[in-house]
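So you can see what is in the structure, the chains are spelled out below.
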Amino acid sequence: MLDFAVNVRAGSPPAWLTDRLAARLTDLGRYPSAADERRAVAAVASRHGRDESEVALLAGGAEGFALLPGLQPQLAALVAPSFTEPEAVLTAAGVPVHHVELAPPFTLAGAQVPDAADLVVVGNPTNPTGVLHPREHILALRRPGRIVVVDEAFADAVPGEPESLAGDALPDVLVLRSLTKTWALAGLRVGYALSAPELLARLTARRAHWPLGTLQLEAIAAANAPEAVAEADAGARRLTGLRAEMATALRALGLEVIAGAAPFVLFAVPDAELMRKHLESKGIAVRRCDTFVGLRPNYLRAAVREEWPVLVDAVTEVLT
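Residues numbered from 1 in each chain as written. Predicted model: local features only at pLDDT ≥ 70, side-chain atom pairs only at ≥ 80, totals over all residues. Heavy atoms only, no water.

- If you look the protein up in an unreviewed UniProt entry, it shows as Aminotransferase from Mycolicibacterium wolinskyi.
- UniProt, in the comment section headed Sequence similarities (unreviewed entry), describes the protein in these words: "Belongs to the class-I pyridoxal-phosphate-dependent aminotransferase family."
- Quoted straight from UniProt, the Cofactor (unreviewed entry) entry for the protein says "pyridoxal 5'-phosphate". (UniProt positions renumbered as here; feature names shortened; annotations may be inferred.)

**Thoughts on empty space enclosed by the protein**
Okay, so step 1: One pass over the structure, following the stated rule, counts 3 cavities of 30 Å³ or more.
Okay, so step 2: In this structure, the largest cavity encloses a volume near 70 Å³.
Okay, so step 3: Considering every element that reaches the lining of the largest cavity, the biggest residue donor is strand β5 (residues 119-123), with 3 residues.
Okay, so step 4: Residues that form the lining of the largest cavity fall into these classes: 5 nonpolar, 4 polar and 1 charged.
Okay, so step 5: The calculated volume of the second largest cavity comes to roughly 50 Å³. (1 Å grid on protein atoms, 1.4 Å probe; cavity = no way out; pocket = protein on both sides within 12 Å on 5 of 7 lines; lining within 4 Å. Points joined across faces, edges and corners; volume = space filled by probe spheres on them. Helix = DSSP H or I, 4+ residues; strand = E, 2+ residues; numbered from the N terminus. Nonpolar A, V, L, I, M, F, W, Y, C, P; charged D, E, K, R; others polar.)

**Observations concerning the pairing of strand β10 (residues 264-268)**
Okay, so step 1: Within β10, 5 of the 5 residues are buried, which leaves the element mostly enclosed by the surrounding structure.
Okay, so step 2: Taking every second residue as pointing to the same face, both faces of β10 are buried, with Phe264, Leu266 and Ala268 on one and Val265 and Phe267 on the other.
Okay, so step 3: Examined bridge by bridge, strand β9 (residues 256-257) and β10 share 2 bridges and lie antiparallel to one another. Of the residues in β10, the one forming a bridge with Val257 is Phe267. (Buried < 20%, exposed > 50% of the residue type's maximum accessible area, 1.4 Å probe, protein only. Pairing = 2+ DSSP bridges.)

**Thoughts on the packing of aromatic side chains**
Okay, so step 1: In total, this model carries 5 aromatic pairs according to the counting rule given.
Okay, so step 2: Considering the side-chain rings of Trp16 and Trp183, the 5.5 Å spacing of their centres and the 80° angle between planes classify their relative orientation as edge-to-face. A residue pair is termed long-range when its members are at least 10 positions apart, and Trp16 in helix α1 (residues 15-22) and Trp183 in the loop between β7 (173-178) and β8 (191-194) qualify at 167 residues.
Okay, so step 3: A residue is classified by how much of its surface remains accessible, and Trp183, at 1% relative accessible area, is buried.
Okay, so step 4: Taking 5.0 Å as the distance between ring centres and 75° as the angle between the ring planes, the aromatic pair formed by Phe154 and Phe264 counts as edge-to-face. Taken together, the positions of Phe154 in the loop between β6 (147-151) and β7 and Phe264 in strand β10 put the pair 110 residues apart, joining distant regions of the chain. (Phe/Tyr/Trp six-rings, centres within 6.5 Å; stacked < 30°, edge-to-face > 60°.)

Structure below.
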């Protein structure tokens, strides 16, 4: 199917990246080396202007969420609608969860976070709304005794990463980044966390030994090299142009389209179930959104792809 449902770079990783990973296949008979880990940590630290002690390498950004219960929060406030993994892992660990539901257009202005919340999780840009929150709005969530977790899985899909907190050394802010989307590495699981050394130590205290393999470490080092960062930014600029065209076309059909900056678009249709079935009959997959807290069931999410006119044409058939 033409996949607009998954927010991963269409196709395969770039040839230079697969070549670099392939060159390490003969090393798989040995455990990952300390040198490999140092190279990956150094690449991340250099990219974001952080000290190496402020970097923790992860098996995908989702591992960062899986480790959050180790911080022993008493009440977690999850800004919604948002990625559902934090709720799943925190609830499974017995952590009380409060959803801070944002109304359309899903901005943080006026968000009511309980004073008792000692952990707040927010996406930027947020999945599935695509909204890019100003950094000052996220920083306004800080309180004494509270940790603010910022999911920046799609930050490198925004040209220049203008609202990112990845470069800010703040003791109570934990930034989680993923490399799987931009580089089509969902099958490899690569990401990292950025925060104060003390907070990272608490986060990773119960991890298993050898949490990342040789190819994961190589991918992190490669994707954070200056030339790779420049390539990602160029790709982000191209996607931004495609996103604007796609959003304009959907609005021209009279649909509600949420303003955002992520490589996907959230839009509402009169009958989402009927729309999904029709699109499926055309060989097109989109993401249903009735599984997200705080979203009406008539929302759909579609990744930004060069083939967006095919999607818009199929949507038009249902509406007319």
